[in-house]
Amino acid sequence: TGKRPGSKDYAAMGTHVDDGAAVGTGAGLDTLHDTLQKKFKVTKNVNPSTICGVQIDRDRERGKLLSHQTPYSEGILDKYQMTDCKGAETPMDPGTAKALMLLPTDSAADPKVLKAFQTFVGELIWLYKTRPDLQFTICLLSRFLQCATQKHLDLALNRPLRYLRKYTYRGLLFRAGDGEWVLSGKADADLAGDVTTARSTFGHCLRLGEVGSIVTHCKLDRRICTATGQSETYAMQSLVKDVMWVRDSSMNWDSSPS
């Protein structure tokens, strides 16, 4: 509606294909609904428990909201017969990551194996919305989408799934608090973490308040860094870009069209 949070007719909406989630005041949501209904056939669901496959658990007394994909995660574990596997504390360990990078990729890939690998990575990517703890693992596995062998697939179907088994219910927690909603962020990078190309991986996250990440990012940098400080500077640069985007978006609320 072009109004700031706190206005009596505030509403904000995000869309995915033909589904949309909106938040706001009663007056703002009514205005949004009436506006959309003029051009589209709208089905309204107040306080939904599932949005685009993401489960929403609310604790209004404590001011908490948890978004997670537990049923989807359990489906992945069941598909790969890892429901009863031994859990792991991390989705990727240095030994497995190095083993993946050192596997030969110059031989012709088996189309069936390649498709199975791509399917599995795609399934993990769908978890991206609520599981930023899997971002580095997804980033690493995605490097082999066009050249994965059976050994790549075997490693991919081990540690990440055992981690998913141990922490199936994890998600993004948002909590209302008495203090200010301060925007904070962290960034980090390795130096020449990719053993075959000497490229660095950097990542960052932004959160609003004490908990609740609103922006996360992980990427294998194109540039070759020659010092840890250089790679971490690039990571911080990426973080600052997102900070500026978030700040600019919030400052434009009043000037955006109704």
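Residues numbered from 1 in each chain as written. Predicted model: local features only at pLDDT ≥ 70, side-chain atom pairs only at ≥ 80, totals over all residues. Heavy atoms only, no water.

Caption draft 1: Structural view of the pattern of salt bridges. Inspection of the entire model under this criterion finds nine salt bridges. Here Lys-166 and Glu-89 are joined by a salt bridge, their closest N and O atoms 3.5 Å apart. Residue Lys-166 is found in helix H7 (residues 159-166), and its partner Glu-89 is found in the loop between helix H2 (70-79) and helix H3 (94-102); the two are separated by 77 residues along the sequence. Judged by its relative accessible area of 40%, Lys-166 falls in the partly exposed class. In this structure, the salt-bridge partner of Glu-210 is Arg-175, at a minimum N-O distance of 2.7 Å. A residue pair is termed long-range when its members are at least 10 positions apart, and Glu-210 in the loop between strand E8 (201-208) and strand E9 (213-220) and Arg-175 in strand E6 (residues 171-175) qualify at 35 residues. (Salt bridge = Lys/Arg side-chain N within 4 Å of Asp/Glu carboxyl O. Helix = DSSP H or I, 4+ residues; strand = E, 2+ residues; numbered from the N terminus. Buried < 20%, exposed > 50% of the residue type's maximum accessible area, 1.4 Å probe, protein only.)

Caption draft 2: Examining the sheet that holds E6 more closely. The strand order across the open sheet built from four strands is E3-E4-E5-E6, with neighbouring strands paired in antiparallel fashion. Looking at the sheet topology across the chains shown, the edges are occupied by strand E3 (50-51) and E6. (Pairing = 2+ DSSP bridges.)

Caption draft 3: Quick look at the packing of H2 against H7. Running from amino to carboxyl end, H2 crosses H7 at an angle of 135°, the nearest separation of the two axes being 10 Å. Classified by the angle between their axes, H2 and H7 sit oblique to one another. The two elements H2 and H7 meet at a crossing, and its hand is left-handed. Every residue of H7 that contacts H2 at Ser-73, Ile-76 and Leu-77 is listed here: Leu-161, Leu-164 and Arg-165. Here the contact of H2 with H7 is built from residues that sort into four nonpolar, one polar and one charged. (Axes fitted to C-alpha atoms, helices over the stretch in contact; angles between N-to-C directions. Parallel < 35°, antiparallel > 145°, perpendicular 65-115°, else oblique. Left-handed = near helix turned anticlockwise from the far one by under 90°. Contact = heavy atoms within 4.5 Å. Nonpolar A, V, L, I, M, F, W, Y, C, P; charged D, E, K, R; others polar.)

Caption draft 4: Layout of the sheet that holds E9. Reading across the sheet, the three strands line up as E7-E8-E9 and stay open at both edges, with antiparallel pairing between neighbours. The sheet terminates laterally at strand E7 (183-189) and E9, the two strands that pair on one side only. Averaged over all neighbouring strand pairs, the angle between strand axes comes to 10°, with direction disregarded. Pairing geometry for E7 and E8, over seven bridges, is antiparallel. For Leu-183, the partnering residue across the bridge sits in E8 and is Leu-208.

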